[in-house]
Amino acid sequence: MMEHLVTGLTYPGENIKAAVCYLYGKLYSVPSAAERLCVHFTERLCDLFLATLKNAQARELQLNCIGLLRQLLKYDYCVSVIMSYSRKGVDSASPELFEGDHPLPLMLKKLLLSRDEILQIASAQCISAVLVHSPAKYASVFIHADIPEFLFECLFCMSEILIWSIYCCLLLLTEEQLFFSKCYTVYGIEPILRSLKEILLLNNTELQKQGLLLFTEILKRQPVEIKLFANNALFRDAINVLLEAVHSPVLEVAGEGMKAVAAILRRDHVNLPPIEYGELQKLVEGVLKRCSDLSLAPFNRRFMGQLRGRHQNKAISQQGQFLQSALESFRNACRLAVECQNDPVAQENAFTAPNSEKKDTLKSFSEFLMRMCDSLCIPIVMKYSERAVRPALMEIFISTLSILFSIMPHICKNFSIKLATCCFIRLNLELKAKFCTGQSNPALNQACSSFLHSMCLSLHSSLEKMADSSQEDQEISELLQKSLPQLNFSVLESLSLLSETTDSCSLDETLRNHQYSLLLLFYIAFSQEDRFVPEVELFSAIRSFLLSVQDQGDCPPPYVFKAVLYLLASSQDKNETLDLASLSAIRRILDVIADLSLVYVHHPLMLKFFLRYPELMKRFGHCILQLWFSCEDYSQIESEEAVISDPAVFLQSFHNLNSLLCMLKGNPSALLMLLDLICFSTSEVVHKVLITLKTFLKLNEDIHVCDLLRNQFLQILQKLLVENSSSTLPVNQNLLLSLNLLFLVQLRYIKERELDSTDFRLLHLVSNLCGKCSPADHEILQPSLNFLYWSLQQTTPSSQQRVVAMLFSNTALLELLEKVIHCTWIAASSSEPTFSSSGEALLCSAWLLTASLLTQQHAYSAERDLLLSQSVTGCLEVLLAYLQSKNQSIACHIASQPWNKFLLITLLDGGENSFLQPEILRLVAIFIRYQKTTFFFQTEISRILENAANSKLTDLSDVTVSTLRSFLLQVQSGTCQMDSSQTASVQILLESLPSTSQTHSTHQGMVCLGGVAVCLSHIRD
């Protein structure tokens, strides 16, 4: 029967041939029958059938032939036999030989050229049916027959089925490199874009997906050396089509569009002069905004049924896949920006007008990518991660962030800080611990490790350093590269590792490297306020680490020990005091490192840590304070415009200063160290220390602190005056601050106080300094005159006499006061303003000091002899006090010399009650204080007691009463040999002495108005 049937194809009538083809089609539609007809097809049917197909004219015959062909192409052996005819021409490299055989490609091309849509569809489907069996074997046959060209031409139609069929054919052809090398994609890209634009307006989701899939494959496989887009207009069309696809309401279609976007963001696709950076921005922004439109609201699994839960999980998975494709697009855009950095042509738009603003540049594109990452990419990913964490998605996300470190190196620091403050160190460590243990997810592990490496290096290099650290950065880089891929531990596991000790030499280096890397990671995180490690456990782990290091005699590199110190300082407030063993380990390591700047971190907690422990403060306190002030910016504190110009920097400076002031309160040792810095540090550091002390005194009224500071100021002033021993005395800010600080110290004494030797030596220095100045030296004279004025007004009557004597004996000072006061008459006779506010303040201070001197001179009859007596007594007292501090025996020897009695006789004026003169009482009291025996002055003591007993005590002056009381107390507590009557007389006199009159007291209180020290009595006057 089959023999008779096949002969029907030899009949001239096409109706018979059509019927025969129909019957064969039915037979070959049955797989079992087709198998039995294999030999028949090869030996009898194939040649006749191809000839019939080639010569068919009637539509019915053409359709039936195509129907049979489609059935035959289901079977490999049939395809092999049919295509063997077609390959003859290809194998001989002579396409013309197609004409002599019955090549299928030419027949199908003929059908594509027909205007019959059904035949065109059938032809395309047959091509696909052949290629499905083996694109590598058969695609070249169709390509040599120029089938792709005609397929592209057929895309200019409205038939969805035909377009679908063509898409399928072209998709299979993309697997053959010849398809690209013969430039068919360049020829066909415009028809593809046009068809995509049209089908995206339809509701055929599958067709849209297939078209976008074809476009994606072309974009991926296109050879680099062959440009796909011939001009910018075509590239812009592609961008618009992709934007339409990405914004499709159907998530699957939009997902295919995302993949195409990722594929087009390739250097060779966009490298058209000029590069369309604006179009790329539009595309990337559209992709990320489409992701932000996804419904990612959190949900509660407990309140949904099982079926609904499965649907919800499927939706989350689809959204994750969609987001992953979007992130792939964004990552490719970032890679593109990095690649363009090395191409001068790609830096900016060469066609931009010379004087116009250049917006379409690589720089603007890079800035755009950074903004998109900050405003869209990171928030979208973090929001999705609240519902599900996909390792593949996170790998793309983290690797994208790593690429961004290279896009704009100059803002890398700020980018790193922002990521660190948003807990990205914690995020990456958690991802590694959860998904990367063992050999799991190596790509994610590598991405997280690379990101941590880049961010840690960026943050470490951005931290303040005292010296060049390029070598240190290189060491850190090598350490992290070696250790990070292996650090896939949870927080508790990491702390356990940090506490671990091993005796195995082979494992020791690996363990130490892991510990060092963990310490660096924790340090960087804590420095950016990401305290994801429990501080109590961390403190304990670091203590164990220190003890391990101490036991094994190790010395961590400075950058590691810097992390140790910072972490201890940051966690100290929530932990107990470190034990001596830990402190000993710290001291040993710091002694080995030697240069403290290598481990210093400029933070209040670090300073507080060193000042907390006497063991550390005594050894390293001076150096730490020196480093602190070297790093501080006091220009912000001193400037009145600082708050407006840079409020963030001002607040930081103010916070640091306030923290330091809190540490100084109640820490006398730290205050003494600051005073040491004034004597031995650089001018810049001294200036900052003086400002700190000045602020501290304004806020702190502790008299003990003032005593502490006052005792050191003599050395400080001497040092500064030696450094500024010029005849013209140029304005030195440190000297000015010291003088102001000295006055602030004195101003804190609100109670009457006897001046001691230190006070008089300071008074001597300041008065001599004033004598060297001119009236124009306002800044030096103002605090100096305030100090002299205070010394007159805020002390006891006996000290006042000595102050008056000292100041009246300073001729240069008196001449200066005369010159300053003389300026008052110059200002009064001038119609124009003569003085600034500082000049007016100096005039006020000069008048107040002069008035006080004249008042005291009148009150205490300060004549020449009296001044001499006061000067002699004062000089002797200062001399003996100095000798007493150096050698008590010498002081006693000087006080016991016979000529002292001659001095006493010389000062006596022979008048009534001359032994009750204040100077005589003070002189005898001095001898009693410093002599081992009072044998030489026993007669004078008796005379004084006798005169006092015979005098009317209420008639004595306040100065005499005050001095007599001091004398009697000295006699009572000294080494005087007195009989019982004298002892009783001393006690009676002490009890009988009247209190000094308050109305005549010189201690009236002191205020500072506009920089001028004013006694309250002068304000009332």
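The rules behind the values
- Position numbers for residues start from 1 in each chain and track the written sequence from start to end.
- Totals for whole chains, interfaces and linings use all residues, but because this is a predicted model, local features are given only for residues with pLDDT of at least 70 and pairs of side-chain atoms are given and counted only at 80 or more.
- Only heavy atoms go into the side-chain values, all of them from the structure, while hydrogens and water stay out.
- Helix and strand definitions follow DSSP, with helices as H or I runs of at least four residues and strands as E runs of at least two, each counted in order from the N terminus.
- We call a residue buried when its accessible area falls under 20% of the maximum for its residue type, exposed when it is over 50%, and partly exposed in between, using a 1.4 Å probe and counting protein chains only.
- Whether two residues touch is decided by their heavy atoms; if any such pair falls within 4.5 Å, the residues are in contact.
- Each accessible area is a Shrake-Rupley estimate made with a 1.4 Å probe; only the visible protein chains count as cover when residues are assessed.
- We call two N or O atoms a polar contact when they sit within 3.5 Å, provided that within protein one can donate a hydrogen and the other can accept it, with sequence-adjacent residues counted only if both atoms are side-chain atoms.
- Stacked, edge-to-face and tilted are the three classes for Phe, Tyr and Trp ring pairs, Trp counted by its six-membered ring, which pair at centre distances within 6.5 Å; planes under 30 degrees apart are stacked, over 60 edge-to-face, the rest tilted.
- In this scheme, the term charge over a ring applies when either NZ of a lysine or CZ of an arginine sits within 6 Å of the ring centre and within 35 degrees of the ring normal.
- One speaks of a salt bridge when a side-chain nitrogen belonging to Lys or Arg is within 4 Å of a carboxyl oxygen belonging to Asp or Glu.
- In this analysis a 1.4 Å probe is tested at points of a 1 Å grid over the protein atoms alone, and where it fits but cannot get out there is a cavity; an open set with protein on both sides within 12 Å along at least five of seven lines is a pocket; lining residues have an atom within 4 Å of a point.
- Grid points are joined across faces, edges and corners, and a volume is the space filled by probe spheres set on the points.
- Residues are sorted three ways: Asp, Glu, Lys and Arg are charged, Ala, Val, Leu, Ile, Met, Phe, Trp, Tyr, Cys and Pro are nonpolar, and all the rest, Gly among them, are polar.
- Confidence per residue, as judged by the predictor, is encoded in pLDDT with a range of 0 to 100.
- By this rule the span expected of a helix is its residue count minus one, scaled by 1.5 Å.
- Think of it as the arc spanned by the lines of direction from the helix axis to the C-beta atoms.
- Here an axis means a line fitted to C-alpha atoms, over the contact stretch when the element is a helix, while the angle between two N-to-C directions is reported on a 0 to 180 degree scale.
- Any angle from 65 to 115 degrees is called roughly perpendicular, while one under 35 is roughly parallel, one over 145 is roughly antiparallel, and all others are oblique.
- Whether a crossing is left-handed or right-handed is set by the direction in which the near helix is turned from the far one by less than a right angle, anticlockwise for left-handed and clockwise for right-handed.

Novice: Honestly, the overall build of the protein chain in this entry has me stumped. Any pointers?
Specialist: From N to C terminus, the protein chain includes 53 helices and 2 strands. Buried residues in the protein chain amount to 53% of all 1021 residues. The contacts of the protein chain with a sequence gap of at least 6 include a subset with a gap of at least 24, amounting to 75%. Put simply, the protein chain shows about 46,100 Å² of open surface, and 54% of that area lies on carbon and sulfur atoms.

Novice: Sorry, what's going on with the side chain of Gln324 here?
Specialist: One can find Gln324 in helix H19 (residues 306–340). A polar side-chain atom of Gln324 sits 3.4 Å from a polar atom in the side chain of Arg390. If near-sequence neighbours (up to four positions away) are discounted, Gln324 is found in contact with Arg390, Ala392, Leu393 and Ile396.

Novice: Would you mind going over the environment of Ser496 with me for this structure?
Specialist: Mapped onto the secondary structure, Ser496 falls in helix H27 (residues 491–499). Separated by 48 residues in the primary sequence, Ser496 and Ser544 place their C-alpha atoms 10.0 Å from one another.

Novice: Is there a simple way to think about the environment of Arg612 in this case?
Specialist: Note on placement: Arg612 falls in helix H32 (residues 604–612). Note on Arg612: relative accessible area 36%, which makes it partly exposed. For the pair Arg612 and Gln572, spaced 40 residues apart in the sequence, the C-alpha separation amounts to 9.9 Å. If near-sequence neighbours (up to four positions away) are discounted, Arg612 is found in contact with Gln572 and Thr577.

Novice: Mind showing me how you'd approach unusual backbone geometry here?
Specialist: Backbone geometry follows two general trends: most residues other than glycine have a negative phi, and most peptide bonds adopt the trans configuration. One non-glycine residue, Cys423, lies in positive phi territory at about 70°. Looking at the element boundaries, Cys423 is found in the loop between helix H23 (412–421) and helix H24 (424–435). Within the chain, Asn441 stands out as a residue other than glycine whose phi angle is a positive 45°. Relative to the assigned elements, Asn441 resides in the loop between H24 and helix H25 (442–462).

Novice: How should the packing of aromatic side chains be read in this particular structure?
Specialist: Within a pair of aromatic rings, the relevant descriptors are the distance that separates the centres and the angle that separates the planes. Summed over all chains, the structure comprises 21 aromatic pairs. On the numbers, 5.4 Å between centres and 70° between planes, the contact of Phe609 with Tyr613 is edge-to-face. With relative accessibility at 2%, the residue Phe609 sits in the buried group. A relative accessible area of 2% places Tyr613 in the buried class. Three or more aromatic residues joined by ring pairs make a cluster, and in this case those are Phe152, Phe179, Phe180, Tyr184 and Tyr187. Positioned over the ring face of Phe760 is Arg802, at 3.9 Å from the centre of the ring.

Novice: I would appreciate a short explanation of the pattern of salt bridges in the present structure.
Specialist: Any two side chains of opposite charge can pair, on the condition that their charged atoms come close. Following the criterion strictly, the structure yields 23 salt bridges and no others. One salt bridge connects Arg194 with Glu190, and the closest N-O pair in it is separated by 3.6 Å. With Arg194 and Glu190 both in helix H13 (residues 184–199), this residue pair falls 4 residues apart, about one helical turn. For Arg194, a relative accessible area of 39% puts it in the partly exposed group.

Novice: Mind showing me how you'd approach empty space enclosed by the protein here?
Specialist: Any empty space left between atoms is shown by rolling a water-sized probe over those atoms. Evaluation of the coordinates by the stated rule reveals 1 cavity of 30 Å³ or more. Taken as a whole, the largest cavity encloses approximately 30 Å³ of empty space. The greatest single-element share of the lining of the largest cavity, amounting to 4 residues, is contributed by H32. When the residues that make up the lining of the largest cavity are grouped by side-chain class, the tally is 3 nonpolar, 1 polar and 3 charged.

Novice: Could you clarify how one ought to interpret the confidence of the model for the protein chain in this entry?
Specialist: Note that predicted coordinates carrying low pLDDT should not be read in detail. Here the protein chain averages 83 in pLDDT, while 86% of its residues score no lower than 70. Element-level pLDDT for the protein chain is lowest in helix H35 (residues 642–645), with a mean of 47, against a maximum mean of 96 in helix H14 (residues 205–221). Low pLDDT (under 50) marks residues 640–644, which in the prediction has 4 contacts with non-local residues, meaning those over four places away or in another chain. Segment residues 998–1004 is flagged for pLDDT under 50; beyond a separation of four residues in sequence, or across chains, it makes 18 contacts in the model.

Novice: Even after reading the chapter, I still don't get helix H31 (residues 580–593), so can you show me in this structure?
Specialist: Count 3.6 residues to each turn of an α-helix, and residues three or four apart come out pointing the same way. Taking 1.5 Å per residue as the helical rise, H31 with its 14 residues ought to reach 20 Å, and the 20 Å between its terminal C-alpha atoms agrees with that figure. Along H31, the residues classified as buried are Ser582, Leu583, Ala585, Ile586, Ile589, Leu590 and Ile593. Around the axis of H31, the buried residues are gathered within 155° of arc, so they sit on the same side. Where H31 is buried, its residues contact helix H29 (535–552), helix H30 (558–571), H32 and helix H33 (614–631).

Novice: Would you explain the packing of helix H10 (residues 147–154) against H13 in this entry?
Specialist: Each pair of packed helices can be described by the angle between their axes along with the distance between the axes. Direction vectors running N to C along H10 and H13 enclose 10°, while the axes themselves pass 9 Å from each other. The angle between the axes of H10 and H13 places the two elements in the roughly parallel class. Residue-level inspection shows Pro148, Glu149, Phe152 and Glu153 of H10 in contact with H13, the latter providing Tyr184, Tyr187, Gly188, Pro191 and Ile192. Along the lines of polarity and charge, the residues of the contact of H10 with H13 split into 6 nonpolar, 1 polar and 2 charged.

Novice: In this structure, what is going on with the side chain of Ser483? I would like to understand it.
Specialist: By the element assignment, Ser483 lies in helix H26 (residues 470–483). Here the side chain of Ser483 touches Ser517 through a polar contact of 3.3 Å, side chain to side chain. If near-sequence neighbours (up to four positions away) are discounted, Ser483 is found in contact with Asn513, His514 and Ser517.

Novice: Please clarify how the packing of helix H51 (residues 958–973) against helix H52 (residues 980–992) should be interpreted in this entry.
Specialist: Contact geometry of H51 with H52 gives a least axis separation of 10 Å together with a crossing angle of 145°. Relative to H52, the crossing made by H51 is left-handed. Of H52, the residues touching H51 (which contributes Arg965, Leu968, Leu969, Val971 and Gln972) are Val986, Gln987, Leu989 and Leu990. Tallied by class, the residues present in the contact of H51 with H52 amount to 6 nonpolar, 2 polar and 1 charged.

Novice: Sorry if this is basic, but what is going on with the environment of Met158 here?
Specialist: For Met158, the position within the fold is in the loop between H10 and helix H11 (160–173). The class of Met158 is exposed, set by a relative accessible area of 69%. Separated by 41 residues in the primary sequence, Met158 and Ile199 have C-alpha atoms spaced 9.0 Å apart.

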